[in-house]
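Chain and residue survey
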Amino acid sequence: MVRAMLIGGVAGWHAATWGMYQDALYEGFSARKYGRSVVVGAVSAALIQSLMGFDLAGASGMVLLFGLAYVLERGVVEWHKSFIREEDQGKYFIPMAFAVRGRVVASPAWRRVAGAVYAAGVALVVLGVVRLERWGPTTYPIAMALLVGSVGGWISACGGAWKDAPKEGFQLIKFFRSPALSAVYGLALSTLTRSYPAIAFGALGFTIATIETHKKFGRPHEPPGKFAGRPLAYPEMLTARRLFVPVYAALCALILGTLVTALADAGFGLRTPDVLVVLR
């Protein structure tokens with residue numbers, strides 16, 4: 001379990017670093033906030049490992065646990081921000097609290113009700129993926145792998161559009177980006193496991209990590225959408241945040257190296273992925 005928590009801690013550390021890299025310019029740096037994702041990631045990995053029982057002696061198990069821990073950490077943190085946390089939304093261009101058509105729902109009670117409904121909806125999707133694994137069709141297997149891989153991406157795309165579109169407008173390419181990328185990751189992860197939930201939501205974890213890395217480090221001087229048009233409140237962080245770049249680069253190298261090792265061990269591109277075989 002210690003190894004599982006270390007993997008989850010790396011997932012949370014990665015997410016905390018890209019989150020801090022641009023947000024600290026507007027919110028300042030908080031060690032407590034930075035460490036929160038590490039702790040949540042570690043706990044998430046321990047919970048997932050107790051349920052899934054991955055073999056963490058090899059790269060494949062570590063990759064699958066990392067992807068799932070990443071998406072659970074992100075889900076828990078963002079759910080708390082949207083439905084539970086009480087915070088002044090005036091500093092944001094795009095509200096972080098649950099909003100309808102860009103207007104924050106003022107009642108904390110109604111936000112919590114919405115949070116419960118949202119959590120129940122996600123749970124139903126997870127249950128649906130589990131049922132699909134048991135009873136899903138075994139024909140057109142490549143299409144099936146891509147479909148399973150895209151499931152988490154659709155959740156991300158719909159949630160992002162609900163939050164961002166009222167302020168930024170609906171962006172077609174942005175909407176389909178997450179499902180498309182998660183489908184590709186899902187196809188890759190299908191070489192490592194026959195578990196549909198591990199494929200669907202592990203792929204989403206890697207999708208989030210990839211997209212956010214591009215947004216935060218590929219466009220370092222472009223403000224995140226939630227702070228669009230807002231002045232830099234902590235310009236000194238432009239210099240201070242550079243200290244985290246080598247840390248982030250090392251984390252990315254570790255994650256990418258483990259992923260490549262796992263795919264190489266599984267013979268990705270050299271044999272038919274497990275999910276592309278009749279599962280019964």
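Now for a quick tour of the structure. Everything numeric here is computed off the predicted structure, so don't read it as measured data.

1. Some points on the overall build of the protein
Scanning the protein for helices and strands turns up nine helices and two strands. Secondary structure elements of the protein occur, N-terminal to C-terminal, as α-α-α-β-β-α-α-α-α-α-α. Against the globule reference of 19 Å for 280 residues, the protein gives a C-alpha radius of gyration of 19 Å, in line with a compact fold. Considering only C-alpha atoms, the protein reaches an extent of 55 × 40 × 35 Å along its principal axes. For the protein, the proportion of contacts with a sequence separation of at least 24, taken over those separated by at least 6, is 79%. On the protein, roughly 14,000 Å² of surface is accessible, and the fraction owed to carbon and sulfur atoms is 69%. Charge separation in the protein, taken as the distance between the mean sites of 28 positive and 16 negative side-chain charges, equals 3 Å.

2. Notes on the side chain of Lys216
In this fold, Lys216 is placed in helix 7 (residues 196-218). We classify Lys216 as buried; its relative accessible area is 6%. In terms of polar contacts, Lys216 uses its side chain to reach the side chain of Glu212, at 2.5 Å. Excluding its chain neighbours within four sequence positions, the residues that come into contact with Lys216 are Trp18, Tyr21 and Gln22.

3. Digging into helix 7
For helix 7, built from 23 residues, the straight-helix expectation of 33 Å at 1.5 Å per residue is met to within 8% by its first-to-last C-alpha distance of 32 Å. Counting buried residues in helix 7 gives 17 out of 23 residues, a clear majority hidden from the surface. Of the residues flanking the start of helix 7, the one acting as N-cap is Ser195, its side-chain oxygen 3.2 Å from the backbone nitrogen of Ala198.

4. Quick word on a nonpolar patch on the surface
A cluster of nonpolar side chains, Trp154, Phe170, Leu172 and Phe176, forms an exposed patch at the surface whose accessible area comes to about 430 Å². Looking at the secondary structure, you find Phe176 in helix 6 (residues 172-189). Looking at Phe176, the relative accessible area reads 41%, which means it is partly exposed.

5. As for the packing of aromatic side chains
As enumerated under the stated definition, the model contains 18 aromatic pairs in all. Relative to Tyr34, the ring of Phe29 lies with its centre 5.6 Å away and its plane at 50 degrees, an arrangement referred to as tilted. Within the aromatic cluster, the residues linked to one another by ring pairs are Trp79, Phe83, Phe98, Tyr118 and Trp162. Directly above the ring of Tyr21 sits Arg241, whose terminal nitrogen or CZ lies 4.0 Å from the centroid.

6. Some points on the layout of surface pockets
Quantified by volume, the second largest pocket comes out at close to 200 Å³. Around the second largest pocket, the lining residues are His14, Tyr185, Phe206, Ala209, Thr210, Thr213, Cys252, Ile255, Leu256 and Leu259.

7. A closer look at unusual backbone geometry
The backbone of Arg101 sits at a positive phi, close to 55 degrees, despite the residue not being glycine. For Arg101, the position within the fold is in the loop between strand 1 (99-100) and strand 2 (103-104). Judged by relative accessible area, which is 76%, Arg101 ranks as exposed.

8. Here we look at the nonpolar core
Phe54, Leu65, Phe66, Tyr70 and Leu192 are the most contacted members of the largest nonpolar core, which has 44 residues in total. Setting aside its immediate chain neighbours within four residues, Leu192 contacts Ser60, Val63, Leu64, Ala262, Leu263 and Ala266. Formed by 12 residues, the second largest nonpolar core is a distinct cluster that contains Met20, Leu25, Met96 and Met237.

9. Looking at the packing of helix 5 (residues 141-168) against helix 7
Across the interface, helix 5 lies against helix 7 with an axial gap of 8 Å and an inter-helix angle of 50 degrees. Considering their axes alone, helix 5 and helix 7 lie oblique with respect to each other. With respect to the hand of their crossing, helix 5 and helix 7 are arranged in right-handed fashion. Taking contact as the criterion, the partners of Met144, Val148, Gly149, Val151, Gly152, Gly153, Ile155 and Ser156 in helix 5 are, on helix 7, Tyr196, Ile199, Ala200, Phe201, Ala203 and Leu204. Residue composition of the contact of helix 5 with helix 7, grouped by class: 10 nonpolar, four polar and no charged.

10. Re the side chain of Lys81
Counting through the fold element by element, Lys81 comes out in helix 3 (residues 59-83). Its relative accessible area of 9% is what places Lys81 among the buried residues. Among all residues touching Lys81, those that are not within four sequence positions of it are Arg36, Met96 and Ala97.

Reading the values: the criteria
- Residues numbered from 1 in each chain as written.
- Predicted model: local features only at pLDDT ≥ 70, side-chain atom pairs only at ≥ 80, totals over all residues.
- Heavy atoms only, no water.
- Helix = DSSP H or I, 4+ residues; strand = E, 2+ residues; numbered from the N terminus.
- Rg over C-alpha atoms; globule rule 2.2 N^0.38 Å.
- Contact = heavy atoms within 4.5 Å.
- Areas by Shrake-Rupley, 256 points an atom, 1.4 Å probe, with all protein chains shown as cover.
- Lys, Arg positive; Asp, Glu negative; His and termini not counted.
- Charge placed at Lys NZ, Arg CZ, Asp CG, Glu CD.
- Buried < 20%, exposed > 50% of the residue type's maximum accessible area, 1.4 Å probe, protein only.
- Polar contact = N/O pair within 3.5 Å; in protein donor to acceptor, adjacent residues only side chain to side chain.
- Expected span 1.5 Å × (residues − 1).
- Patch = residues over 30% accessible without salt bridge, like charges linked within 9 Å, V, L, I, M, F, W, Y side chains within 5 Å.
- Salt bridge = Lys/Arg side-chain N within 4 Å of Asp/Glu carboxyl O.
- Phe/Tyr/Trp six-rings, centres within 6.5 Å; stacked < 30°, edge-to-face > 60°.
- Lys NZ or Arg CZ within 6 Å of the ring centre and 35° of its normal.
- 1 Å grid on protein atoms, 1.4 Å probe; cavity = no way out; pocket = protein on both sides within 12 Å on 5 of 7 lines; lining within 4 Å.
- Points joined across faces, edges and corners; volume = space filled by probe spheres on them.
- Core = buried A, V, L, I, M, F, W, Y, C linked by side-chain atoms within 4.5 Å.
- Axes fitted to C-alpha atoms, helices over the stretch in contact; angles between N-to-C directions.
- Parallel < 35°, antiparallel > 145°, perpendicular 65-115°, else oblique.
- Left-handed = near helix turned anticlockwise from the far one by under 90°.
- Nonpolar A, V, L, I, M, F, W, Y, C, P; charged D, E, K, R; others polar.

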